[in-house]
Amino acid sequence: MEETQLKNEIRNSIEHKLSRHYGISVEEASRNQMYKTCARIVRDLLLEKRAKYHEEMKKKQNKKIYYLCMEFLIGRSLKNNIYNLGLDNELQEVLSDWNFQLEDLYEEEPDAGLGNGGLGRLASCFMDSLATLGYPAMGFSICYEYGLFKQKIVDGWQMELPDIWLPGGEVWLKKRTDLTFPVKFEGELKEVWTENGLRIDYNNCNEVEAVAYDMMISGADSDDVAVLRLWKAQDIKNFDMNSFSNGDYNRAMMENTSAELICKVLYPSDNHAEGKTLRIRQEYFLVSASIQNIIHDHLRKYGTLNNFSEKVAIHINDTHPAMCIPELMRIFMDEYQYTWNDAYKMVIDSVTYTNHTVLAEALEKWPEVLIKQQLPRIYEILKELNEQFCQQLWNQYPGDWDRIERMAIISNGQIRMANLSVIGSSHVNGVSKLHSDILKNDVFHDFYQNTPWKFTNVTNGIAHRRWLCQANPELTKLLDECIGDEYKKDASKLAHFRKYHDNLDVLQRLDNIKLNNKIRFSNLMKNKGVTIDPYSMFVVQAKRLHEYKRQLLNVLRIISLYLDLKENPNMHVVPQTFLFAAKAAPGYFAAKEVIKLINHLSVEIEKDPVLRQNIRVVFLENYCVTMAETLMPAAEVSEQISLAGKEASGTGNMKMMINGALTMGTMDGANVEIFDAVGKDNIFIFGMNADEVERRLKSGYAASFYYQNNPKIRRVLDCLRKGFNGESFESIYRYLLVGEYGMGDPYMCLADFDDYLKVHDQLSETYHNRNKWNTMSLYNIAGAERFAADRSVQDYASQIWGIEPLK
Ligand code: 26W
């Protein structure tokens, strides 16, 4: 379309929508009204585009991927969609005539935080790639009324506030009144023999209605629009009038509240699974609505389910939607009269599974009694699945009870969702090479011996258009000038940037860009009352707070520096700011203690004018996608210091790398592949590797040994007892030294402490050599080429899902 014509159309639609929704003219519109108006225009454009794409899809009949995930950490959408549609320039020009700035409008949008961390953000990055690459795809999740809590720090302590995202976020949602499915809980089963065989009647159940809300995800410069379908639970219209008119108001009311409760709030805990009824109901709600929807669509398109696994790939993102395995069985058998064996085959051939964590406490196990009571039919199917599977194992490994027990779906009154997921799917994927190896050799070793062909590796990736092109426009401009803009659609082209490794002009520009991004971030924080010196080195650890991620190790080093500087105020250090951004699960006391420690240490340092010239600790309140978008481009040192073997992949490491930060990390998760990508001279690696960790755990770790033999460690730990800003951290001292079993903390912070300090000293040395530092930074940007979500999605498509782009 011609530019002026496009601008005229935009102008007209804005005026029209403002008048229709608010009855006002442009002159009267507030920023918020203008944001919503632009969002509505973009949404309508996407709906139109989607309709066209849908027609194509119907004609071509390609296999389609359905991505089921309890979390999508979406962040803001307006900027992303405008960028992907290529409308930024025209829209800004139209808005300028009315004295509106696009950047201001973006700030009006709430951050859709329907996820905890890595898993949910990965799902969102994948949607972007699926749409851009033109794969027929759809995401399914829950439309939580409240996303991940808002974090507030009061006297150093984390407080949680509800995240009210819908007013402002709902403009992106298109309610589909034509798409509702009943989801049934509780009740009783009755087997009825008919002339057509056995029929399962399901009585007195508690039924809720799932209503679809669609969010359109535009591909970048592509015809594809992917749909993210979020389910809301509604009280069913024809609810139990009987009990109502019998005066059983309680029951009627209960049903009402429980329906609404399902979608109330996202469980704010990652890496810790609790056997809560509501969580189980949430998971089944997502699964049942989505599976019914998938089957309904399939039948409408093909008129038969016989070709189901040929045309449908269903991906379960971690075990949270694993109930789709028995749910598919239920529908195939109870509603479409498939035999058990046929149904089972169709399930395995369509379901695939990715594991995202090896922590035992994060592997979901549900009490049998709960499932039996909440989902009686699903429970029956699970029991049958378990029995058949154990029988098969018994034939393969006669007498090997231990092995059979380990591999069973049900054991000790618990249903193990991980075992169910491996058994019921055709592919079991790990999210980095190291993690995939650990799955094979450790977590799922028995299964690997049994069905080695199921196990795959597709390393995670990030939406590089969001995390580089949109988040870092200056770097993007430099890249465009140096290597052209093909890398936007083909990230492997980023590798060409290596050519400039000795180009002094480019290196200097990298330096300037980093400084500008640091200034931008500091200014943003200034508005929130936080002072950061943009001329100090930015050392960033931004991720959920968890013991295994070892934010504590970072803090211990800072305390060590702090003590050095107190003893010797003239000591020369690189002036640096330690930026922490992390939410702790509300019930995770140990994690909240660490947040408190960081905050009190920060205040203590601020009190001393000499100290604060050199080192500064800043805890960034309420970390979210939107904050990450300005933080990642400003990071110079990316702290990725988990205990080796524990971080499945990490994706923040990739986001910082692609923005030119250097990694200070252990050989864990995707750090190993970052190391491969940039080479040993362009990364700072320290500490035990995963094998050494295993060996150390076997030989026995004793924290007291380090305390006694390492004066630096002793000094730091003693300082924790004395405390900061009037607060003692005796509990952390005891945690590190004694721990639960008398041997110290399970993540062995002290074992890696020395090496961490040593390698940080090397890093400081390097930082002085600007030329060297900038060259390393350049190699990281170029090496990030392989960590694009586009690459991950292509790997999934060809190796796991068996799908192809429409065009
Ligand atoms: C049931 C509670 C619960 C909720 C979420 C348990 C576990 C989770 C997630 C699996 C935790 C998570 O987000 N894991 C992260 O997934 C990222 C994407 O693959 C990885 O990069 C991170 O290493 C991993 O910690």
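Small disclaimer: the values here were computed from a predicted structure and weren't measured.

Focus on the packing of aromatic side chains
Enumeration according to the criterion identifies 26 aromatic pairs in this entry. Between Trp 157 and Phe 589, the ring centres sit 5.7 Å apart and the planes meet at 50°, which makes this aromatic pair tilted. With Trp 157 in strand β6 (residues 157–161) and Phe 589 in helix α24 (residues 589–607), the pair connects residues that are 432 residues apart, well separated along the chain. In this structure an aromatic cluster arises from ring pairing among Tyr 353, Phe 389, Phe 444, Phe 447, Tyr 448 and Phe 455. Residue placement shows Lys 232 over the ring face of Tyr 213; its charged tip is 4.4 Å from the ring centre.

Here's the deal with a negative patch on the surface
Taken together, Asp 442, Asp 691, Glu 692 and Glu 694 make up a surface patch of like negative charges. Broken down by element, the residue count for the negative patch peaks at 3 residues, all from helix α29 (residues 690–699).

Focus on the site of the ligand
Leu 119, His 356, Asn 460, Glu 647 and Gly 650 are the nearest of the 21 residues found near the ligand. Within the contact set of the ligand, an oxygen atom lies 2.6 Å away from a side-chain nitrogen or oxygen of His 356. Protein chains bury 96% of the 580 Å² of accessible surface belonging to the ligand in isolation. When residues are assigned to domains, the shell around the ligand turns out to be shared by domain 1 (61–76 + 111–459 + 795–801) and domain 2 (464–689 + 756–784), each giving three or more.

What about the nonpolar core?
Ranked by internal contacts, the top residues of the largest apolar core, which has 280 residues, are Ile 14, Phe 285, Phe 497 and Leu 720. Shared between two domains, this core holds at least three residues of each, these being domain 1 (61–76 + 111–459 + 795–801) and domain 2 (464–689 + 756–784). Not counting the four nearest positions on each side in its chain, Ile 14 is found in contact with Met 34, Thr 37, Cys 38, Ile 41, Leu 91, Val 94, Leu 95 and Trp 98.

Observations regarding the layout of surface pockets
In this structure, the second largest pocket encloses a volume near 930 Å³. In this structure, the second largest pocket is lined by 34 residues; those nearest its centre are Val 358, Ile 438, Asp 442, Val 443 and Phe 444. At 7 residues, the largest contribution of residues to the lining of the second largest pocket is made by helix α18 (residues 433–443). Of the residues belonging to the lining of the second largest pocket, the class tally is 16 nonpolar, 5 polar and 13 charged.

Considering the packing of helix α23 (residues 551–567) against helix α33 (residues 749–768)
Where α23 contacts α33, the axes come no closer than 10 Å and their chain directions differ by 55°. The orientation of α23 relative to α33 falls into the category oblique. Crossing geometry of α23 relative to α33 is assigned as right-handed. Residue-level inspection shows Leu 552, Leu 553, Asn 554, Leu 556, Arg 557 and Ser 560 of α23 in contact with α33, the latter providing Cys 749, Leu 750, Asp 752, Phe 753, Tyr 756, Leu 757 and His 760. Across the contact of α23 with α33, the residue classes tally to 8 nonpolar, 3 polar and 2 charged.

Let's talk about the packing of α23 against helix α31 (residues 711–722)
Between α23 and α31, whose axes approach to 9 Å, the crossing angle comes to 95°. In this view, α23 runs roughly perpendicular relative to α31, as classed from their interaxial angle. Across the interface between the two elements, Leu 556, Ile 559, Ser 560, Tyr 562, Leu 563, Asp 564 and Glu 567 from α23 touch Lys 712, Arg 715, Val 716, Leu 717, Cys 719 and Leu 720 from α31. A per-class count over the contact of α23 with α31 returns 8 nonpolar, 1 polar and 4 charged.

Let's talk about the domain arrangement of the chain
Assigned domains of the chain: these are domain 1 (61–76 + 111–459 + 795–801) and domain 2 (464–689 + 756–784). Inter-centroid distance (C-alpha atoms) of domain 1 to domain 2 is 35 Å. Taken together, the contact between domain 1 and domain 2 spans 42 residues of the former and 41 residues of the latter. Carbon and sulfur atoms make up 54% of the area that domain 1 and domain 2 hide from each other, which totals about 3,300 Å². Three residues stand out in domain 1 for area buried against domain 2, namely Arg 121, Gln 151 and Trp 157, and they jointly supply 19% of the buried area on that side. On inspection of domain 1 and its partner domain 2, the count reaches 4 salt bridges. Two residues, Lys 592 and Glu 160, come together in a salt bridge whose shortest N-O distance is 2.7 Å.

A few points about the pattern of salt bridges
Taken as a whole and assessed by the stated rule, the structure comprises 52 salt bridges. Measuring nitrogen to oxygen at the nearest pair gives 2.8 Å for the salt bridge that ties Arg 616 to Glu 606. Within this pair, whereas Arg 616 is found in strand β21 (residues 615–620), its partner Glu 606 is found in helix α24, the two being separated by 10 residues in sequence. Relative accessible area serves as the criterion here: at 16%, Arg 616 is assigned to the buried category. One salt bridge in this structure joins Asp 795 and Arg 791, with 3.4 Å as the shortest N-O distance. Placement of both Asp 795 and Arg 791 in helix α35 (residues 789–801) is noted, with a separation of 4 residues, approximately one turn of the helix. By relative accessible area, which is 22% here, Asp 795 ends up partly exposed. Residues joined in a network through salt bridges with shared partners are Arg 176, Asp 178, Asp 214 and Arg 229.

Quick look at the sheet that holds strand β24 (residues 684–685)
With parallel pairing, the 6 strands of this open sheet are ordered in space as β21-β20-β19-β22-β23-β24. Pairing within the sheet leaves two strands with one partner each, and these edge strands are β21 and β24. Its contacts with the sheet put helix α34 (residues 770–783) on β22 (637–640), β23 (662–665) and β24, and the angle it makes with β23 is roughly 85°.

Examining unusual backbone geometry
Positive phi is not limited to glycine here, since Gln 61 has a value of about 55°. Following the sequence through the fold, Gln 61 ends up in the loop between α2 (31–60) and β1 (64–68). By relative accessible area, which is 30% here, Gln 61 ends up partly exposed.

Comments concerning α24
The end-to-end C-alpha distance of α24, which contains 19 residues, comes to 27 Å, matching closely the 27 Å that a straight helix rising 1.5 Å per residue would cover. Counted residue by residue, α24 has 14 buried out of 19 residues, so it is predominantly covered.

A short note on the pairing of β6
When strand β5 (residues 150–154) meets β6, the two strands line up antiparallel, connected through 5 bridges. Its bridge partner being in β6, Lys 152 is matched across the sheet by Met 159. The loop that links β5 with its antiparallel partner β6 comprises 2 residues; one of these, Asp 155, has a positive phi angle of about 50°.

Looking at the pairing of β1
Counting buried residues in β1 gives 5 out of 5 residues, a clear majority hidden from the surface. Both faces of β1 are covered, namely the face carrying Lys 64, Tyr 66 and Leu 68 and the face carrying Ile 65 and Tyr 67. Strand direction decides the pairing type here: β1 and strand β4 (residues 137–142), joined by 4 bridges, are parallel. Bridge pairing links Ile 65 to Ala 137 in β4.

Comments concerning the environment of Ala 677
Within the secondary structure, Ala 677 is located in helix α28 (residues 671–678). Remark: the alpha-carbon pair of Ala 677 and Glu 2, spanning 675 residues in sequence, is separated by 43 Å. If we ignore the near neighbours within four places in the chain, the residues touching Ala 677 are Arg 498, Met 657, Gly 783, Arg 786 and Phe 787.

Details of empty space enclosed by the protein
Considering all chains together, one arrives at 5 cavities of 30 Å³ or more under this definition. Size it by volume and the largest cavity reaches roughly 170 Å³. What lines the largest cavity is a set of 15 residues, and nearest its centre among them are Ile 74, Asn 80, Ser 124, Ile 217 and Arg 466. Of all elements in the fold, only β2 (72–75), α3 (78–85), α6 (118–133) and β10 (206–218) reach the threshold of two or more residues within the lining of the largest cavity. The element best represented in the lining of the largest cavity is α6, accounting for 4 residues. Here the residues of the lining of the largest cavity are counted per class, giving 8 nonpolar, 4 polar and 3 charged. Approximately 60 Å³ is the volume attributed to the second largest cavity. What lines the second largest cavity is Lys 543, Lys 549, Gln 640, Ile 641, Ser 642, Glu 647, Ser 649, Gly 650, Asn 653, Asp 668 and Asn 671.

Calculation rules
Residues numbered from 1 in each chain as written. Predicted model: local features only at pLDDT ≥ 70, side-chain atom pairs only at ≥ 80, totals over all residues. Heavy atoms only, no water. Phe/Tyr/Trp six-rings, centres within 6.5 Å; stacked < 30°, edge-to-face > 60°. Helix = DSSP H or I, 4+ residues; strand = E, 2+ residues; numbered from the N terminus. Lys NZ or Arg CZ within 6 Å of the ring centre and 35° of its normal. Patch = residues over 30% accessible without salt bridge, like charges linked within 9 Å, V, L, I, M, F, W, Y side chains within 5 Å. Areas by Shrake-Rupley, 256 points an atom, 1.4 Å probe, with all protein chains shown as cover. Salt bridge = Lys/Arg side-chain N within 4 Å of Asp/Glu carboxyl O. Lys, Arg positive; Asp, Glu negative; His and termini not counted. Charge placed at Lys NZ, Arg CZ, Asp CG, Glu CD. Near = heavy atom within 4 Å. Polar contact = N/O pair within 3.5 Å; in protein donor to acceptor, adjacent residues only side chain to side chain. Domains from an automatic or database assignment. Core = buried A, V, L, I, M, F, W, Y, C linked by side-chain atoms within 4.5 Å. Buried < 20%, exposed > 50% of the residue type's maximum accessible area, 1.4 Å probe, protein only. Contact = heavy atoms within 4.5 Å. 1 Å grid on protein atoms, 1.4 Å probe; cavity = no way out; pocket = protein on both sides within 12 Å on 5 of 7 lines; lining within 4 Å. Points joined across faces, edges and corners; volume = space filled by probe spheres on them. Nonpolar A, V, L, I, M, F, W, Y, C, P; charged D, E, K, R; others polar. Axes fitted to C-alpha atoms, helices over the stretch in contact; angles between N-to-C directions. Parallel < 35°, antiparallel > 145°, perpendicular 65-115°, else oblique. Left-handed = near helix turned anticlockwise from the far one by under 90°. Buried area = accessible area lost by both parts, 1.4 Å probe. Pairing = 2+ DSSP bridges. Expected span 1.5 Å × (residues − 1).

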